Amino acid sequence: HYLNIPSEKATFSMGCFWAPDSLFGSTPGIITTRVGYAGGSEGFIPTYRNIGDYTEAIQLQYDPNTVTYLELLKMFWDHHDPTAKFKKQYSSFIYYHNDQQKAEAEQTLNEKKAKGLDILTKIEPAGQFFNAEDYHQKYRLQQHKNLCNDLGLKTGEDLINSHVAARLNGYVVGQGGIDQFDSEASKLRLDEAAIKYIRQLVIKYEGQGLHC
Ligand code: MHO
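Since the model is a prediction, treat every value here as computed from it, not as a measurement.

Caption draft 1: Looking closely at the nonpolar core. Core analysis: the largest hydrophobic core is formed by 30 residues, its most contacted members being F12, F24, L60, Y69, L72 and I94. When residues of this core are traced back to their parent elements, those giving at least two are β1 (8-14), α1 (18-25), β2 (30-38), β3 (55-62), α2 (69-78) and α3 (99-114). Residues in contact with F12, not counting those within four places in the same chain, are F24, E56, A57, I58, L60, Y69, L72, L73, F76, F93 and I94.

This is how it looks when you write it as structure tokens:
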């Protein structure tokens, strides 16, 4: 039922993937999200316990008429420290899906460098993306087991493919804020009990930021 909406992919690595899953999940124009592993050696199958030379990554499906890739890039830069040296698992990468994404990623990277910042972010073509284990998908939402059950979100595939899951994974940690939630709740077809439950979480956590 989202098939009539144009959609494009974006893939970023910006540290622990739980935080950007919530950050982007409740951003207008985001259709679905998945977390996984990207950017490593071909022929190696990464897992959380054996991640090899892959990075933790978030892959977004977005509606380019509602949110642009440049807006997503701004969020990417604003929500992690691209100058900090981490092991590869948590390193900063933009994995582009087409030439326009590549050009826009490079443009924003050059703007950062022009400010004298020592940016460690690498820009690479998006290759194979391996879904992370089910318990990492919509990690913050999964901490609310009864809510997930009530919404029929049972498997990892449910959590990956559900637009509602993407949105709520942000809202349960306050991302998006109460005004946006109130204007969106009816579109998400949530029942009264779910709305009441999520509302108190948005109010509680709004403005507190994200952490892993
Ligand atoms: N600080 C978190 C990182 C998890 S993230 C998915 C932990 O200790 O598990 O890498």
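Caption draft 2: Structural context of the site of the ligand. The immediate surroundings of the ligand are formed by C16, F17, W18, Y48, E56, Y90 and H136. Separating an oxygen atom of the ligand from a side-chain N or O atom of Y48 is a distance of 3.1 Å. Within the side chain of E56, an N or O atom sits 2.6 Å from an oxygen atom of the ligand. Compared with its free state, where it exposes 310 Å², the ligand has 64% of that area covered by protein.

Caption draft 3: View of the pairing of strand β5 (residues 122-125). Sheet topology places strand β4 (residues 92-96) next to β5; 4 bridges connect them, and they run parallel. Opposite I94, over in β5, you have I123 as the bridge partner. Handedness of the β-α-β unit built from β4, α3 and β5 comes out right-handed.

Caption draft 4: How the structure looks around the sheet that holds β2. Taken in spatial order, the 6 strands of this open sheet run β5-β4-β1-β3-β2-β6, and their pairing is mixed. Looking at strand neighbours, the two that pair on one side only are β5 and β6 (130-131), the edges of this open sheet. With respect to the sheet, α2 is in contact with β1, β2, β3 and β4, its orientation differing from that of β1 by roughly 10 degrees.

Caption draft 5: Spatial organisation of the environment of S41. Its place among the elements puts S41 in the loop between β2 and β3. Taking the C-alpha atoms as reference points, S41 and I94, separated by 53 residues in sequence, lie 17 Å from one another. Apart from residues no more than four positions distant in its own chain, S41 is found in contact with D53 and Y54. Here D53 takes part through its side chain, which lies 2.6 Å from a polar atom of the side chain of S41.

Caption draft 6: Summary view of the pairing of β4. Counting buried positions along β4 yields 5 of 5 residues, so the element is predominantly enclosed. Burial of β4 is two-sided: the residues S92, I94 and Y96 facing one way and the residues F93 and Y95 facing the other way are all buried. Across 4 bridges, the pairing between β1 and β4 is antiparallel. Bridge pairing links F12 to I94 in β4.

Caption draft 7: View of the confidence of the model for the protein. Looking at the protein as a whole, its pLDDT mean stands at 97, while 99% of the residues score no less than 70. Listed scores for the predicted complex are pTM 0.96 and ipTM 0.90.

Caption draft 8: A look at unusual backbone geometry. In the Ramachandran plot, K138 falls in the positive-phi region, its phi being about 50 degrees despite a non-glycine side chain. For K138, the location among the structural elements is in the loop between β6 and α4 (139-142). A relative accessible area of 0% places K138 in the buried class. We note that R189 has phi near 55 degrees; this positive angle belongs to a residue other than glycine. Mapped onto the secondary structure, R189 falls in the loop between α8 (177-184) and α9 (192-205).

Thresholds applied
- Residues numbered from 1 in each chain as written.
- Predicted model: local features only at pLDDT ≥ 70, side-chain atom pairs only at ≥ 80, totals over all residues.
- Heavy atoms only, no water.
- Core = buried A, V, L, I, M, F, W, Y, C linked by side-chain atoms within 4.5 Å.
- Buried < 20%, exposed > 50% of the residue type's maximum accessible area, 1.4 Å probe, protein only.
- Helix = DSSP H or I, 4+ residues; strand = E, 2+ residues; numbered from the N terminus.
- Contact = heavy atoms within 4.5 Å.
- Near = heavy atom within 4 Å.
- Polar contact = N/O pair within 3.5 Å; in protein donor to acceptor, adjacent residues only side chain to side chain.
- Areas by Shrake-Rupley, 256 points an atom, 1.4 Å probe, with all protein chains shown as cover.
- Pairing = 2+ DSSP bridges.
- Right-handed = clockwise from strand over helix to strand, strands pointing away.
- Axes fitted to C-alpha atoms, helices over the stretch in contact; angles between N-to-C directions.
- pLDDT = per-residue confidence, 0-100.

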